[in-house]
Amino acid sequence: MNNQIQANILMVDDQPGKLLSYEAILKDLGENLLKARSAREALDLLLHHDIAVVLMDVSMPEIDGFELADMMHQHPRFQKTAIIFISAVHLTDLDRIKGYESGAVDYISVPVVPELLRAKVSVFTELHRKTRQLEMLNRELEQRVDERTEQISNLNRQLEQRIAELETIMQVLPVGVAVSQDPECRTVTGNAALSELLGAAPGENLSLATQDRNFPFEVYQQGRRLKRNDLPLDRAARTGTPLGSVELEIRRKNGGGSTHLLTSASPLFREDGSVRGAVGAYFDVTSRKQLENLLGERADLLELASEAIMVRGLDGILQFWNSGAEVLYGWRREEVLGKNVHQILQTGSPVGSFDQTSSNEELAQDRKWHGNLTQVTRTGCQIVVASRQALTADGNAILEINRDITAQLKAEEALRKAERLAAMGRVAGIIAHEINNPLEAITNTFYLLSSHPSLDEEARYYAQLGEEELLRVSHITRQTLGFYRESKDPVVVSLPRLLDDILELQSRRLEFGNIELEKQYLDNGVIHGFPVELKQVFLNLIGNAVQAMPEGGRLRLRVANCKSGGRIGICISIIDTGSGIGSEQAKHLFEPFFTTKSTKGTGLGLWISRGIVQKYGGTIRFRSVRHAQGNATCFRVFFPNPHRETLVEPFITEARASYAELAGSSSRND
């Protein structure tokens with residue numbers, strides 16, 4: 001209520017003069033002044049107006065002031081209306097008590113003091129105005145309370161509907177949901193999906209805190225059985241910290257299988273911030289886990305495969321690179337993923353140039369392709385791979401499996417070459433056998449001719465030269481037959497003589513190659529064996545030494561009695577001053593199909609030679625050193641001879657000194 005609204009002041013007196021005087025005194029208050037000349041008129045005004053203060057004369061005809069005040073006091077509307085009695089006669093205390101009992105709040109005696117009257121009326125008027133304001137505010141407050149109550153009721157109804165909807169949704173959700181309303185998680189309610197996942201009855205308390213409960217399942221994490229306090233829901237309630245992406249395994253008892261769940265949990269808080277419970281969500285990831293295990297097994301199989309398996313895009317960019325590819329090519333997967341495989345491996349074709357676009361077009365047409373490709377490893381070694389390629393179902397990637405067939409191709413080539421050599425050996429043996437017959441007749445003819453009396457000295461000299469050359473040809477044919485014919489049982493073999501036979505076959509290469517030959521046969525070197533295969537060993541070693549000195553050099557052969565690894569035997573050393581053997585080549589020197597002669601060698605000579613030597617229980621080793629004067633390489637073959645009981649120490653000392661003189665003191669490979 002605005003403070004400027006006028007209050008109604010009722011003046012009741014049967015004398016008009018007094019009413020005018022009261023009006024003159026109170027008009028400065030700015031209030032609405034109402035006048036009544038009798039009690040009946042006053043009652044009528046009271047019924048039609050909201051009266052703040054009533055100025056009432058005690059002595060009035062018909063109904064005096066006390067009776068009017070008593071009538072107002074009995075009416076509920078006017079019980080709190082302020083009544084001021086104005087009396088011209090002296091009132092006793094009993095009259096005053098009677099007036100107060102009738103509802104009077106004050107008395108003013110005549111003559112009236114204007115200031116006093118205005119002050120008292122002003123006070124009661126303002127009190128009435130404040131009372132009305134409070135009543136209006138109360139009504140407004142009650143109205144607002146009613147409105148707020150209605151809003152709260154509506155919100156409560158909406159909340160109840162929402163809760164009912166959420167409960168319905170929770171029950172039909174395919175995701176398991178658990179809720180605990182106490183921080184100890186003694187009571188845990190779950191929806192239908194969770195009860196089904198755990199094998200529990202609908203509505204059953206799922207808390208593991210109940211000691212007398214025997215659930216048909218056990219909870220594991222990464223193979224470790226969890227206690228109740230370790231469960232995500234309990235941990236979230238106990239710590240007040242949300243937990244997410246915890247994978248659990250529910251193992252059912254009595255062989256009921258297991259279920260894998262992905263769990264997250266979050267605490268519930270009171271208004272004061274304390275934990276009042278927790279809520280958790282459980283996703284069934286059993287199918288995904290089984291698929292992961294299956295994919296893991298297949299990935300392990302891919303890693304175990306010895307072939308190089310890769311996945312690349314149509315543009316050649318690598319997407320997958322297994323361990324077999326790492327072993328074959330030498331690059332780790334993190335070094336090549338995301339790069340062009342054809343650029344890294346320098347992919348080519350054994351029969352022509354390689355075109356990636358044409359290869360992709362052929363794959364797009366037939367969905368599959370197989371053939372041989374040439375590629376380069378990390379060490380720069382060129383290999384040939386048998387490649388099988390297939391296009392994925394969506395056509396966006398290529399699956400490729402490559403198998404190294406370099407050794408296989410070399411083996412096939414070596415086999416073909418060996419077959420040709422064997423055929424040539426057989427032909428050579430046949431030719432040598434056939435040549436021997438006429439050769440013997442020619443030799444006899446020259447013998448007779450050289451002693452014929454008709455020849456002079458010069459002719460006899462030339463006949464003798466021809467006879468010597470024929471003897472040399474005869475010796476070569478016998479050696480050829482010796483290489484071809486192999487005895488079935490081991491025979492006594494003199495290693496120095498065998499070396500001399502080989503050197504005689506290599507004599508022209510030594511002469512034209514400007515190679516100086518030095519022989520030191522410090523022992524007779526007699527062993528039991530097969531001459532042909534022994535010749536194969538030393539022919540290969542001496543041939544390699546000669547080929548290592550294209551610009552000439554020194555070749556030393558030494559046969560000596562020695563001791564190796566606690567065993568007594570014979571050592572044969574072949575030492576050359578050729579190009580030497582590098583450290584990288586030394587690691588693979590005795591491996592099959594490894595050669596330092598590019599395309600001129602098969603890479604089988606040393607491998608076969610070592611096998612033959614090991615057949616005799618011996619060893620073959622090498623050492624290559626570099627010094628100021630050049631290179632020196634020594635291959636030493638040791639054949640054990642348990643029948644020898646003594647060592648010729650001077651021979652060994654001399655052999656070591658000779659090797660040290662040739663090779664120097666710092667060795668590179670052993």
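Parameters at a glance
- Residues numbered from 1 in each chain as written.
- Predicted model: local features only at pLDDT ≥ 70, side-chain atom pairs only at ≥ 80, totals over all residues.
- Heavy atoms only, no water.
- Helix = DSSP H or I, 4+ residues; strand = E, 2+ residues; numbered from the N terminus.
- Buried < 20%, exposed > 50% of the residue type's maximum accessible area, 1.4 Å probe, protein only.
- Contact = heavy atoms within 4.5 Å.
- Areas by Shrake-Rupley, 256 points an atom, 1.4 Å probe, with all protein chains shown as cover.
- Patch = residues over 30% accessible without salt bridge, like charges linked within 9 Å, V, L, I, M, F, W, Y side chains within 5 Å.
- Salt bridge = Lys/Arg side-chain N within 4 Å of Asp/Glu carboxyl O.
- Pairing = 2+ DSSP bridges.
- Axes fitted to C-alpha atoms, helices over the stretch in contact; angles between N-to-C directions.
- Disulfide = S-S within 2.5 Å.
- Phe/Tyr/Trp six-rings, centres within 6.5 Å; stacked < 30°, edge-to-face > 60°.
- Lys NZ or Arg CZ within 6 Å of the ring centre and 35° of its normal.
- Parallel < 35°, antiparallel > 145°, perpendicular 65-115°, else oblique.
- Left-handed = near helix turned anticlockwise from the far one by under 90°.
- Expected span 1.5 Å × (residues − 1).

**Q** Break down the overall build of the protein for me, with residues and values.
**A** Counting secondary structure elements, the protein contains 20 helices and 24 strands. Evaluated residue by residue, the protein yields a buried proportion of 40% over its 670 residues. In the protein, 58% of the contacts between residues at least 6 apart in sequence involve partners at least 24 apart. Here the protein displays about 38600 Å² of accessible surface, and carbon together with sulfur accounts for 53% of that area.

**Q** If you had to explain a nonpolar patch on the surface to someone new, which residues and values would you point to?
**A** Taken together, the side chains of Leu166, Ile169, Val172 and Leu173 present a nonpolar region at the surface, about 340 Å² in accessible area. Among the secondary structure elements, Leu166 is positioned in helix α5 (residues 114-172).

**Q** Quick one: what's the story with the sheet that holds strand β17 (residues 397-404), residue by residue and with numbers?
**A** Across the sheet, which stays open at both edges, the five strands sit in the order β14-β13-β17-β16-β15 with antiparallel pairing between neighbours. Each end of this open sheet is capped by a strand with a single partner; those strands are β14 (318-321) and β15 (368-376). Neighbour-to-neighbour, the strand axes of the sheet open up by a mean angle of 25 degrees, direction not taken into account. The pairing of strand β13 (residues 308-313) with β14 spans three bridges and is antiparallel. Looking at the pairing, Val311 lines up with Phe320 of β14.

**Q** Residue-level account of the state of the cysteines, with values.
**A** Going through the model one piece at a time under the given rule, you end up with one disulfide. Each sulfur of the disulfide joining Cys562 and Cys571 lies 1.9 Å from the other. Between Cys562 and Cys571, the S-S dihedral sits near 75 degrees, and the bridge is therefore right-handed. One exposure class covers both Cys562 and Cys571, and it is buried. Sulfur of Cys634: no disulfide; nearest cysteine sulfur belongs to Cys571 and is 9.6 Å away.

**Q** Go over unusual backbone geometry with me, naming the residues and quoting the values.
**A** With a phi angle near 55 degrees, Gln222 is a residue other than glycine that sits in the positive phi range. When you line up the elements, Gln222 lands in the loop between β8 (217-221) and β9 (224-225). The backbone of Asn514 sits at a positive phi, close to 55 degrees, despite the residue not being glycine.

**Q** So, the packing of aromatic side chains: which residues are in play, and what are the values?
**A** Within the structure shown, the criterion is met by four aromatic pairs. Measuring from centroid to centroid gives 5.6 Å for Tyr616 and Phe639, while their planes differ by 75 degrees, and the two rings are edge-to-face. Note that Tyr616 is positioned in the loop between α19 (605-615) and β23 (619-627) and Phe639 in strand β24 (residues 630-640), a separation of 23 residues in sequence. According to the relative accessible area criterion, Tyr616 is buried, its value standing at 18%. Taking the relative accessible area as the measure of exposure, Phe639 reaches 2% and is therefore buried. For the cation-ring pair, Arg251 lies above Tyr220, with the distance from its terminal atom to the ring centre recorded as 3.9 Å.

**Q** Would you mind going over the sheet that holds strand β10 (residues 243-252) in detail, with residue names and values included?
**A** One open sheet holds the seven strands; their spatial order is β7-β6-β12-β11-β10-β8-β9, and the pairing between them is antiparallel. Of all the strands in the sheet, just β7 (188-190) and β9 have a single pairing partner and so form its edges. Sheet analysis places strand β6 (residues 176-180) next to β7, joined by three bridges and oriented antiparallel. Bridging from a neighbouring strand, Ser180 pairs with Val188 of β7. Lying on the sheet, helix α7 (residues 232-239) is in contact with β6, β7, β10, β11 (258-269) and β12 (275-284); it crosses β12 at an angle near 150 degrees.

**Q** Describe the pairing of β15, naming the residues involved and giving the relevant values.
**A** With nine bridges connecting them, β15 and strand β16 (residues 382-391) associate as antiparallel partners. Across the sheet, residue Val376 finds its bridge partner in β16, namely Gln382. In this structure, the hairpin formed by β15 and β16 is closed by a connection of five residues, where Gly380 is found at a positive phi of approximately 90 degrees.

**Q** Tell me about the packing of helix α2 (residues 39-48) against helix α3 (residues 65-74), residues and numbers included.
**A** Running from amino to carboxyl end, α2 crosses α3 at an angle of 25 degrees, the nearest separation of the two axes being 10 Å. Judged by the angle between their axes, α2 and α3 are roughly parallel. Taken as a pair, α2 and α3 cross one another with a handedness that is right-handed. On the side of α2, the interface is formed by Ala39, Ala42, Leu43 and Leu46, while α3 contributes Leu68, Met71 and Met72.

**Q** Tell me about helix α17 (residues 531-547), residues and numbers included.
**A** Here α17 is 17 residues long and its end C-alpha atoms lie 24 Å apart, about the 24 Å a rise of 1.5 Å per residue gives. Among all positions in α17, only Val532, Glu533, Leu534, Lys535, Val537, Phe538, Asn540, Leu541, Ile542, Gly543, Ala545 and Val546 are buried.

No statement about biological role is implied by the geometric values presented.
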